[in-house]
Amino acid sequence: ILLPKVARIGPALAELLQEQGVPVYFDGAESYFGLPEIKRMTALLSVLDNPLQDVPLIASLKMPPFHVTDQELADIRLCKTGRDVPFYEAFRACCEEETPLGVHCKAIWEQLQGWRFMAEIMPMQDFVWHIIRETGFYASCGALPEGELRQANLRLLCQRAAEYVQNGGITL
């Protein structure tokens with residue numbers, strides 16, 4: 001169903017159609033970037049652009065392929081404590097420890113560094129697609145309820161990255 005000018009009622013209409021089992025996509029920018037799969041992937045892309053952001057870093061650590069648990073996040077936090085100590089610094093401190101968690105964090109950090117390098121040399125839309133696939137996130141979204149729609153949303157993220165580049169964007 002194609003409807004012009006549905007910005008106000010679009011999200012409600014899309015939800016109603018979904019409840020009836022009708023596959024639907026609503027391209028409302030605000031609702032699109034609020035989708036769980038898009039929020040998680042943009043968090044990872046944000047960390048690759050700037051690892052000093054605590055909330056995107058924590059969200060990324062919980063994603064495939066890292067699968068850091070809540071308990072491990074708490075243990076990372078304890079690696080460097082203090083009122084004004086960012087989570088990023090605790091994470092980096094944990095990377096230096098010779099514990100199983102420290103080894104896991106170091107491997108994560110090295111993976112993030114590798115992806116950061118790739119982001120510099122690959123066309124943005126190709127890089128975004130590569131990350132979506134390499135992390136296993138595309139497959140895991142496909143296994144969730146409404147998986148095909150979630151995967152379509154991720155493919156659309158790649159399209160939006162291409163449009164961003166065409167309009168003069170150059171970085172994540």
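Residues numbered from 1 in each chain as written. Predicted model: local features only at pLDDT ≥ 70, side-chain atom pairs only at ≥ 80, totals over all residues. Heavy atoms only, no water.

K.L.:
Tell me what's going on with helix 4 (residues 54-61), and back it up with residues and numbers.
P.N.:
Note: α-helices contain 3.6 residues per turn, so residues at a spacing of three or four share the same orientation. Along helix 4, the residues that are buried comprise P56, L57, S60 and L61. Projected onto a plane normal to the axis of helix 4, the buried residues spread over an arc of 135 degrees and lie on a single side. Packing partners of the buried residues in helix 4 comprise helix 3 (36-49), helix 5 (70-77), helix 6 (87-95) and helix 7 (100-121). (Buried < 20%, exposed > 50% of the residue type's maximum accessible area, 1.4 Å probe, protein only. Helix = DSSP H or I, 4+ residues; strand = E, 2+ residues; numbered from the N terminus. Arc of directions from axis to C-beta. Contact = heavy atoms within 4.5 Å.)

K.L.:
Lay out the environment of F117 with the relevant residues and their values.
P.N.:
Position of F117 among the secondary structure elements: in helix 7. The exposed category is assigned to F117, whose relative accessible area is 53%. Spatially, the C-alpha atoms of F117 and L48 are 9.2 Å apart, while their sequence positions differ by 69 residues.

K.L.:
Hey, could you go over unusual backbone geometry for me, with residue numbers and the actual values?
P.N.:
The omega torsion of the bond from P64 to P65 falls at 10 degrees, within 30 degrees of zero and hence cis. Position of P65 among the secondary structure elements: in the loop between helix 4 and helix 5. Positioned with a positive phi, H67 is a non-glycine residue whose angle comes to about 50 degrees. Relative to the elements of secondary structure, H67 occurs in the loop between helix 4 and helix 5. Positive phi, close to 60 degrees, is recorded for E146, a residue that is not glycine. On the secondary structure map, E146 appears in the loop between helix 9 (137-142) and helix 10 (147-166). Under the relative-accessibility criterion, E146 is labelled partly exposed at 44%.

K.L.:
Can you lay out the nonpolar core for me, pointing to particular residues and giving the numbers?
P.N.:
Counting 39 residues, the largest nonpolar core has M41, L61, I76 and F91 as its most contacted members. At the level of elements, helix 3, helix 4, helix 5, helix 6, helix 7, helix 8 (124-134), helix 9 and helix 10 are the ones that each hand at least two residues to this core. (Core = buried A, V, L, I, M, F, W, Y, C linked by side-chain atoms within 4.5 Å.)

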